[in-house]
Amino acid sequence: MDENVRRMSEILSRYNGYIFENLARRSRLWGAGLAGTGRGGDIPTYQPVGNVQVSPNSGRRTFIPDVDDLIKPQMHMTFDSLENAFLFYQRYAKAGGFTARKGTQYEPRKGVILNKWFVCSKEGTKPLKAIDSTQEAGSSNVNSKSKITRRVPYIRTGCEACIRVKLITPDNLYVVYYFEESHNHSFVAEDDRYLLPENRSMNYVQEEAVNALSAINVGPVRAFNIMRTLYGGFDKVGATKVDFKNFKRDLNRYIAEYDADMVIKRLRRKKEFMPNFSMEYLTTAEGVLRALFWADGDTKRNFNIFGDVVSFDATYRRNKYNMMFVPFTGVDNHYRNVTLGAAIIGDETAETYSWLLNAFRQAFGRAPPVIVTDQDPTMRKAIQDTWPESRHRLCMWHIIEKLTTKVGANLCNSTDFKKRLCDIVWTDALLPEQCENEWGVILADFDLLNHEWLQSMYQIRDTWIPAYYRDQHMSGLMRTSSRSESENHFFGQFCNPNCTLVEFLGHFDSAIEAQRHEHRKNDHDTRHTNPQIFAKEFVLEQQATSIHKCAVGKWEDREDNFVNFFVKDFSQACTTFFQVMMRQLDMTVSCSCNRQFPERYIMRRWTWEAIPNSAPGAILGISESDDRYQQVNGVVREITRSAESLINRLVYNFDALCAFRDHVVQYQSTADQAVVNAPPRSRRDRFAEITGYTQETPVTVRMPKTVRFKGMGNPSRMKSNREIAIIQSAKKKKGRECGNCKRRGHNRRTCSFPARENADDSSESDEADLEGDDEEELEDVAGEGDDEEELEDEEQE
């Protein structure tokens with residue numbers, strides 16, 4: 001017994017010595033820091049805010065907010081609702097430099113509150129929970145927890161400041177019957193009040209800005225940086241970066257399992273309010289979304305003109321579910337990509353592709369004459385089964401890219417084999433018979449007549465070599481699927497791989513709006529500009545400028561049974577060869593030196609008036625609904641544009657600009673004094689307003705947890721034996737190691753053994769330990785609290 005008492009007293013003595021030594025060391029370090037500044041005691045200190053009163057008997061200090069009497073609660077003040085009473089007390093708290101919260105209430109029957117307390121946020125005290133940190137988590141110790149409890153700061157000081165209201169039954173009004181304005185703590189300075197949780201809420205405009213900027217792949221962090229730059233500082237925003245991230249996180253949590261339902265409902269609304277809009281979707285037997293296709297009226301109009309050759313390919317990592325994005329791509333009259341429909345599929349089976357092609361035919365009424373894809377066998381089977389009238393062309397680039405791997409790098413790099421082969425497969429100047437003869441000669445010269453892969457490519461030569469497409473109106477468009485690759489890159493600038501389907505649909509609408517704006521701009525340029533003509537002798541160029549009005553005009557000179565001749569007039573200064581075409585059946589002859597192009601050779605798809613432009617913003621569905629949310633946003637945009645227009649007019653007239661500012665400030669003060677009868681919208685109602693979806697109905701279409709696509713590889717990478725041994729060794733160790741006693745299961749802040757084993761008594765090591773302890777404390781404090789939970793935003797940030 002005596003031995004235990006002696007050991008306990010020794011531990012307590014060493015513990016007290018350790019505490020006093022650390023306090024002294026901190027004092028020395030603080031003094032050294034002040035001396036190093038050269039100013040010493042001239043450093044300004046944090047002065048208390050408010051009226052300070054000291055009790056003459058006990059010496060206890062109390063703090064009273066220094067606010068205007070108009071916003072200070074008064075006895076017998078009445079309110080028509082509890083929300084208005086709380087808003088009034090919150091306004092008083094903001095002006096005084098503290099925060100308020102709702103306290104206890106007396107509710108004898110449900111729905112009738114007779115008594116309500118509104119208190120200071122520092123009311124009450126934090127309960128002390130004793131935890132034996134020497135015991136491992138999950139052991140027989142009753143006070144142990146599965147998660148280590150850290151020592152974090154708390155704000156409760158037992159403040160008694162509050163107001164209490166009670167219901168007056170005859171008038172149904174709430175009257176203040178008790179008001180305590182004295183606090184036992186100091187208030188926050190005015191420069192720091194924007195950091196209070198009460199002043200860190202996002203307003204309507206900021207929430208709309210975060211939601212709108214996400215449509216162009218701007219995350220909450222960048223949105224916050226944009227706003228604090230425009231507003232003029234962090235304190236002018238009214239919220240922190242973490243608040244912006246938490247808002248986006250909560251919005252994605254609200255979407256959660258309703259993601260597919262929200263997208264389908266939004267597309268159905270577009271179909272209801274936008275003319276000629278089509279959408280189809282496919283689900284599994286369990287109700288999981290398998291495929292989704294949509295196209296609007298503008299894409300159908302573009303397909304009627306530019307749908308002679310269409311390319312489509314599946315691209316990956318455009319959403320968090322790994323569902324493949326499949327855009328259908330064509331070429332417009334400016335030789336630019338144009339989207340002719342889009343889809344999202346969950347797998348790359350022939351059945352899914354067949355459903356997609358059938359949905360495309362149902363929406364557009366026909367299949368394209370030529371379809372260009374890569375060598376995906378499931379695509380080839382689906383096209384053969386679904387679009388038998390379409391001619392399927394394979395991507396030449398993917399085939400030539402495999403040439404070096406199939407025949408050997410030495411042969412391709414050391415000889416002219418690849419160059420000779422590309423000369424016959426990349427040109428459409430050869431007839432099929434000439435191409436076949438040249439193919440045989442090349443393979444014979446390099447002893448490759450029996451090469452298996454080259455023989456297989458020769459068997460399908462009519463699907464990828466241009467010589468076999470001379471009778472097809474290709475319009476010089478596509479020999480490869482590079483158009484689809486370019487389209488995928490274009491959409492990748494607006495999308496990120498971690499977005500929901502709701503976000504992805506917004507990204508898609510923004511991308512299509514940008515594409516159509518570029519087409520409108522190109523049409524404007526061709527209408528009001530003239531391309532440079534090389535020489536006046538080229539009379540056809542003058543007509544071409546009036547037809548095409550762009551430098552990429554095409555003349556379709558490929559017709560059946562025509563024989564081409566190239567003629568040159570050596571008596572003229574012009575050295576250009578003219579092309580003469582003759583058809584022997586009816587002896588039709590035409591020459592490229594004619595003063596006019598024959599009308600039958602002018603294709604509408606290349607004219608500058610090929611299609612009319614769509615209305616700006618039509619893809620976004622701005623007028624798809626006449627609900628109050630759309631009306632409010634329309635009024636907000638009008639106010640913003642009007643204010644911006646006034647500022648631009650008054651920016652060089654300082655007096656007028658100040659008068660406009662005073663007018664706005666005066667109206668703002670008038671609005672602040674008005675009592676808002678409607679309670680503030682909850683976060684859930686706000687999300688329902690933004691997404692246009694309420695979570696009242698059960699989920700009808702669910703999202704897949706994850707999708708694995710071809711080429712994704714093994715989900716777990718290969719690990720070396722050393723890495724496996726390190727992981728297994730780490731699993732054997734339970735809990736983190738204490739930096740003080742080197743034991744596991746607790747940390748140095750919860751350690752009950754203050755004396756470090758084998759500690760070095762030198763001041764350098766002690767100061768290093770102290771600095772490490774301070775850094776560790778800062779890290780722990782930064783990681784605590786739900787309000788500080790940060791959304792992972794690596795791609796968007």
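Residues numbered from 1 in each chain as written. Predicted model: local features only at pLDDT ≥ 70, side-chain atom pairs only at ≥ 80, totals over all residues. Heavy atoms only, no water.

Visitor: Explain the sheet that holds strand E5 (residues 115–120) to me, please; I cannot follow it from the model alone.
Guide: The pairing of strands in a sheet happens through backbone hydrogen bonds and is either parallel or antiparallel. The five strands are arranged E3-E7-E6-E5-E4 in an open sheet whose pairing can be described as antiparallel. Each edge of the open sheet is held by one strand with a lone partner, namely strand E3 (78–79) and strand E4 (100–106). The sheet contact formed by strand E6 (residues 162–168) and strand E7 (residues 173–180) spans seven bridges and is antiparallel. Bridge pairing in E7 links isoleucine 163 to phenylalanine 179. On the sheet, helix H2 (residues 82–96) packs against E3, E4, E5, E6 and E7 and is oriented at approximately 15° with respect to E5. (Pairing = 2+ DSSP bridges. Helix = DSSP H or I, 4+ residues; strand = E, 2+ residues; numbered from the N terminus. Contact = heavy atoms within 4.5 Å. Axes fitted to C-alpha atoms, helices over the stretch in contact; angles between N-to-C directions.)

Visitor: Explain a nonpolar patch on the surface to me, please; I cannot follow it from the model alone.
Guide: The grouping of Val205, Ile226, Leu230, Tyr231, Val632 and Val636 at the surface amounts to a nonpolar patch, some 500 Å² of accessible area in total. If you list the elements that add at least two residues to the nonpolar patch, you get helix H4 (220–231) and helix H19 (628–650). Residue contributions to the nonpolar patch peak at three residues, all from H4. Among the secondary structure elements, leucine 230 is positioned in helix H4. (Patch = residues over 30% accessible without salt bridge, like charges linked within 9 Å, V, L, I, M, F, W, Y side chains within 5 Å. Areas by Shrake-Rupley, 256 points an atom, 1.4 Å probe, with all protein chains shown as cover. Salt bridge = Lys/Arg side-chain N within 4 Å of Asp/Glu carboxyl O.)

Visitor: How do you make sense of the packing of aromatic side chains when you look at a structure like this?
Guide: Here the distance between the centres and the angle between the planes together describe a pair of aromatic rings. Inspection of every chain in the model, using the stated rule, returns 31 aromatic pairs. Residues phenylalanine 247 and phenylalanine 687 carry aromatic rings whose centres are separated by 5.6 Å and whose planes lie at 55° to one another, so their mutual orientation is tilted. A residue pair is termed long-range when its members are at least 10 positions apart, and phenylalanine 247 in helix H5 (residues 241–255) and phenylalanine 687 in helix H21 (residues 683–691) qualify at 440 residues. Phenylalanine 687 shares its class with phenylalanine 247; the two are buried. With a centroid separation of 6.4 Å and 75° between ring planes, the pair formed by tryptophan 439 and tryptophan 464 is classed as edge-to-face. A residue pair is termed long-range when its members are at least 10 positions apart, and tryptophan 439 in helix H14 (residues 432–445) and tryptophan 464 in the loop between helix H15 (452–459) and helix H16 (482–492) qualify at 25 residues. The buried category is assigned to tryptophan 439, whose relative accessible area is 5%. (Phe/Tyr/Trp six-rings, centres within 6.5 Å; stacked < 30°, edge-to-face > 60°. Buried < 20%, exposed > 50% of the residue type's maximum accessible area, 1.4 Å probe, protein only.)

Visitor: Just to check I follow, could you spell out empty space enclosed by the protein for this structure?
Guide: Gaps left between atoms show up when a probe the size of a water molecule is rolled over them. Applying the stated criterion to the full structure yields three cavities of 30 Å³ or more. Quantified by volume, the largest cavity comes out at close to 60 Å³. Trp294, Ala295, Asp296, Thr299 and Phe508 are the residues nearest the centre of the largest cavity, which is lined by eleven residues in total. Those elements that place two or more of their residues in the lining of the largest cavity are strand E9 (289–295), strand E12 (337–345) and helix H17 (501–528). Among the elements that make up the lining of the largest cavity, the one with the highest residue count is H17 (three residues). Class assignment for the residues of the lining of the largest cavity results in seven nonpolar, two polar and two charged. (1 Å grid on protein atoms, 1.4 Å probe; cavity = no way out; pocket = protein on both sides within 12 Å on 5 of 7 lines; lining within 4 Å. Points joined across faces, edges and corners; volume = space filled by probe spheres on them. Nonpolar A, V, L, I, M, F, W, Y, C, P; charged D, E, K, R; others polar.)

Visitor: Explain the sheet that holds strand E10 (residues 309–312) to me, please; I cannot follow it from the model alone.
Guide: The seven strands lie next to each other as E8-E9-E12-E11-E10-E13-E14, forming an open sheet whose pairing is mixed. Two strands bound the open sheet, and with one partner strand each, they are strand E8 (278–283) and strand E14 (391–394). Between one strand axis and the next, the sheet turns through 20° on average, direction left out of account. As judged from the four bridges shared by strand E13 (residues 370–373) and E14, these two strands associate in the parallel manner. If you follow valine 372 over to E14, its bridge partner there is arginine 393. Taken strand by strand, helix H7 (residues 297–306) contacts E8, E9, E10, strand E11 (324–331) and E12, and its axis lies near 125° from that of E12. Packing against the sheet, H16 makes contact with E10, E11 and E12, and its axis sits at approximately 120° to E11.

Visitor: Before we go on, may I ask you to explain the pairing of E10 in this structure?
Guide: Working note: regular strand, side chains alternate between the two faces of the sheet. Residues Val309 and Ser311 line one face of E10 and the alternating positions Val310 and Phe312 line the opposite face, and both faces are buried. As defined by bridge partners, E10 adjoins E13 across three bridges and the pair is classed as parallel. Opposite valine 309, over in E13, you have valine 370 as the bridge partner. Both E10 and E11 contribute to a ladder of two bridges, which runs antiparallel. Its bridge partner lying in E11, phenylalanine 312 is registered against phenylalanine 328.

Visitor: I keep staring at the confidence of the model for the protein chain and nothing clicks. Help me out?
Guide: Any residue range with low pLDDT should be treated as having predicted coordinates unsuitable for detailed reading. The predicted model of the protein chain has a mean per-residue pLDDT of 76, with 69% of residues at 70 or higher. Note that residues 549–559 has pLDDT below 50 and, in this model, 28 contacts with residues that lie over four places away or in other chains. Throughout residues 756–797 the model reports pLDDT below 50, and contacts reaching past four residues in sequence, or to other chains, amount to 67 contacts. (pLDDT = per-residue confidence, 0-100.)

Visitor: Would you mind showing me how to read the packing of helix H8 (residues 350–364) against helix H9 (residues 377–386) here?
Guide: The description of two helices packed together rests on the angle between their axes and the distance between the axes. As a packed pair, H8 and H9 sit with axes 8 Å apart at the nearest point and diverge in direction by 45°. On the basis of the axis angle, H8 is oblique to H9. In the packing of H8 onto H9, the handedness of the crossing is right-handed. Contact with H8, carried on its side by Ala350, Tyr353, Ser354, Leu357, Asn358 and Arg361, involves Thr378, Met379, Lys381, Ala382, Ile383 and Thr386 of H9 and no other residues of that element. Within the contact of H8 with H9, the residues separate by chemical class into six nonpolar, four polar and two charged. (Parallel < 35°, antiparallel > 145°, perpendicular 65-115°, else oblique. Left-handed = near helix turned anticlockwise from the far one by under 90°.)

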